[in-house]
Amino acid sequence: MQNCPRILPFCALMAALAAAPAAHAQPRADFAGKTVTIISSFGPGGGYTLYADLVARYLGAHLPGRPSVIVKTMPGAGGMNGTNYLANVAARDGTVLGVVPQTVAIAQALGHAGRRYDARAFHWIGRVSSNVEVQQTWHTAKVKTIADAKTHEVVVGGTGPESSSVVFPRILNAMLGMKFKVVAGYEGVNMVSIAMERGEVEGIVRPWAVTKTVRPEWLKERKINLIVQYSLARHPEIGNVPAVVDLAGNDEQRQVLSLYASGSDIGRAIVAPPGVAPEIVAALRTAFSQTMKDPGLIADVRKSGLDIDALAGDRLQAIVASAVDVPPPVVELARKFSSPAR
């Protein structure tokens, strides 16, 4: 009995330590034996899926437990099907990631219909590359420069209602008097490419990185005209093609065009769904950063000609938050010019 005063405090301490992990347990970032799926919100052959495939080849080697990593496509509604799935349905344990449209923050700022996500609630794991999308016309079209689009109608293919391929031509029509006739509803940029070759449409919006790597013969054989870049600045490789902000005639127009062009900074990025534990998010971000430095990935990039412009997840998270928080006057102007009724 004389030992009880010493033993009981020790027992109580052991009991408290044993109970503590249960009360404050965090999910362990271990992917051993699991499969990580990257959902591309667009179909095969487009820029989003190309970059998802690139990351998938190397990400598993840098994650705890070295899981398999695969890519699944979930196209539709200009990327909204896949994005809404990630926000509302996908598993919250780090085994489901996604590549979402670079316009997700803009769509939220403008309150577009069909959106069932908060871009700020996604865990942004990292950007593979910023993205410059280019309005292109087929060589048989009368429109060969952006100036031509003011005097000649040109039929351009588009995907979902919130995609750059639909919204930007519509804005240019309303703001600057262009004559783009948008045929929307194509499943992805690859399908629009096929439609253009068949003569169903005369124009397309495609990332420059995809244009120069997937169909380089179009450039070599001069089958396409590059008429405007939907970006804040001209890509150095196509400096003779105007950036869309160069077309602005006044500050009001520049503000609206800059808002939409800001999506190029988000570019091709990897996200995790809302609600993933901080420890798992940290492991995913670390693995992503290591993946971007993987010698195999770098060799693949050099071989393919794809652009890589990586950005850490925490910095990307701040860019997205800033893009959502747009001043109300700019939002109203953007809604005015992008309205389908115009």
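Residues numbered from 1 in each chain as written. Predicted model: local features only at pLDDT ≥ 70, side-chain atom pairs only at ≥ 80, totals over all residues. Heavy atoms only, no water.

**A short note on the overall build of the chain**
- Secondary structure summary: the chain contains 14 helices and 11 strands in total.
- The burial tally for the chain puts 51% of its 342 residues in the buried class.
- Of the roughly 15,100 Å² that the chain leaves accessible, carbon and sulfur atoms contribute 54%.
- Computed over 35 positive and 27 negative side-chain charges, the separation of the two mean positions in the chain equals 1 Å. (Helix = DSSP H or I, 4+ residues; strand = E, 2+ residues; numbered from the N terminus. Buried < 20%, exposed > 50% of the residue type's maximum accessible area, 1.4 Å probe, protein only. Areas by Shrake-Rupley, 256 points an atom, 1.4 Å probe, with all protein chains shown as cover. Lys, Arg positive; Asp, Glu negative; His and termini not counted. Charge placed at Lys NZ, Arg CZ, Asp CG, Glu CD.)

**Quick look at the pairing of strand E8 (residues 203–207)**
- A large share of E8 lies buried, amounting to 5 of its 5 residues.
- Burial of the side chains of E8 extends over both faces: Gly203, Val205 and Pro207 are buried on one face and Ile204 and Arg206 on the other.
- Across 5 bridges, the pairing between strand E5 (residues 133–138) and E8 is antiparallel. When the sheet's bridge partners are listed, valine 134 is paired in E8 with arginine 206. (Pairing = 2+ DSSP bridges.)

**Digging into unusual backbone geometry**
- Non-glycine residue arginine 66 carries a positive phi angle of around 50°.
- Within the secondary structure, arginine 66 sits in the loop between helix H2 (47–59) and strand E2 (68–73).
- Backbone geometry at alanine 77 places phi at a positive 55°, although glycine is not the residue there.
- Tracing the backbone shows alanine 77 in the loop between E2 and helix H3 (80–88).
- Alanine 77 gets classed as partly exposed once you look at its relative accessible area, which sits at 38%.

**As for helix H14 (residues 328–338)**
- Buried within H14 we find Val330, Val331, Leu333, Ala334, Phe337 and Ser338. With its buried residues spanning 165° around the axis, H14 presents them on a single face. For H14, the exposed residues set more than 90 degrees away from the buried face come down to Pro328 and Pro329.
- In this structure, the buried residues of H14 make contact with helix H4 (104–110), helix H5 (164–176) and helix H9 (251–261). (Arc of directions from axis to C-beta. Contact = heavy atoms within 4.5 Å.)

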